[in-house]
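# Summary of structural features
Take a look at the letters that make up each chain.
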Amino acid sequence: MHIAAFADVHANLTALRAVLRDIDDHGPFDLVVSNGDQILGGPRPLETWRELERTGAYCLCGNTERDLGIGQFPPAPAGGQWRDRILEVFDWTMDAVPADVRVRAAGLPQRLDLRMDLGPLLVISHANGVNLDDFMWPDTDPSELDRLTGTPPPELLVVGHIHAPMDLQVGPTRVLRAGSVGLMYEANAYNQAHWTEITWDAPRRVWQATPHAVTWDHTSEISAGHAVGYPGTEILPGYERG
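Worth saying up front: this structure is predicted, and the values here are computed from it rather than measured.

All right, on to the nonpolar core then. One finds Phe-6, Val-19 and Ile-23 to be the most contacted residues of the largest nonpolar core, which totals 39 residues. Contributing elements (two or more residues each) for this core: strand 1 (2-6), helix 1 (13-26), helix 2 (45-55), helix 4 (83-96), helix 5 (99-106) and strand 9 (192-201). The contact partners of Phe-6, leaving out residues within four places of it in the chain, are Leu-16, Val-19, Leu-20, Ile-23, Val-32, Val-33, Ser-34, Asn-35, Leu-52, Val-181, His-194 and Trp-195. In this structure, Leu-114, Ile-124, Ile-198 and Ala-209 belong to the second largest nonpolar core, which totals 15 residues.

What follows is the structure, given as structure tokens:
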């Protein structure tokens with residue numbers, strides 16, 4: 001079994017296409033998984049949805065799909081210092097994405113569980129092994145990390161939600177977060193998109209996982225934002241670089 005997984009596209013079509021090209025270069029794959037937060041946060045939500053449909057990606061629900069489905073952005077402090085602008089983006093996206101697409105996105109499965117040859121469990125999900133919201137950080141309390149890996153604990157848990165890379169061992173579970181596709185803000189990664197290559201190693205009976213990074217043209221997405229009147233252009237990665 002050969003799987004490509006990525007998270008947090010956030011309606012960034014340029015970055016998504018860069019990731020899909022890189023996946024093709026490393027393929028073939030038995031399954032391509034987009035694990036949540038696909039269509040809120042960037043200037044091309046509907047085009048992103050259609051691109052994922054075109055490629056046949058197995059899409060999971062993230063917290064933003066849920067929020068679009070109920071038509072309500074979470075209360076403060078969600079959004080932080082950019083909350084007012086993000087609320088504008090949320091309302092703009094509600095108008096840009098047809099209701100039937102929002103309903104379908106909100107109804108996506110929240111996790112994918114896989115076993116090969118009765119071997120150990122692989123879980124791909126948005127935030128953690130139990131819900132769409134709670135964060136997993138290296139300095140999270142160990143008992144909380146144990147809870148968030150889920151029951152039974154998988155051998156490999158591939159997540160998104162937080163856009164920073166992480167590779168952490170929690171008891172018997174390796175928790176891997178490659179990083180975001182569409183919204184990386186680190187100074188050295190604003191134009192990088194990330195995905196994870198997952199392989200079932202049958203002789204060793206283990207799941208192997210390798211993160212990948214690919215560059216994308218941030219100016220293209222900024223130009224797309226201007227062209228469609230997207231209200232969050234100035235918070236797109238790389239905006240301050242022109």
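The rest of the description comes next.
With mixed pairing, the 5 strands of this open sheet are ordered in space as 4-5-6-8-7. Looking at which strands have only one partner, the edges of the open sheet turn out to be strand 4 (111-114) and strand 7 (166-170). Across this sheet, the average inter-strand angle for adjacent strands is 15 degrees, counted without regard to direction. Across the sheet, helix 6 (residues 142-149) is in contact with strand 6 (156-158), strand 7 and strand 8 (173-177); its angle to strand 7 comes to roughly 95 degrees.

So, about the sheet that holds strand 2 (residues 31-35). Overall, mixed pairing links the 5 strands, which are arranged 3-2-1-9-10 in an open sheet. Bordering the open sheet on either side are strand 3 (58-60) and strand 10 (206-215), each of which pairs with just one other strand. Across the sheet, the mean angle from the axis of one strand to that of its neighbour is 20 degrees, orientation sign disregarded. The sheet contact formed by strand 9 and strand 10 spans 10 bridges and is antiparallel. Residue Gln-192 lies in a different strand from strand 10, and its bridge partner there is Thr-215.

What counts and what doesn't
- Residues numbered from 1 in each chain as written.
- Predicted model: local features only at pLDDT ≥ 70, side-chain atom pairs only at ≥ 80, totals over all residues.
- Heavy atoms only, no water.
- Core = buried A, V, L, I, M, F, W, Y, C linked by side-chain atoms within 4.5 Å.
- Buried < 20%, exposed > 50% of the residue type's maximum accessible area, 1.4 Å probe, protein only.
- Helix = DSSP H or I, 4+ residues; strand = E, 2+ residues; numbered from the N terminus.
- Contact = heavy atoms within 4.5 Å.
- Pairing = 2+ DSSP bridges.
- Axes fitted to C-alpha atoms, helices over the stretch in contact; angles between N-to-C directions.

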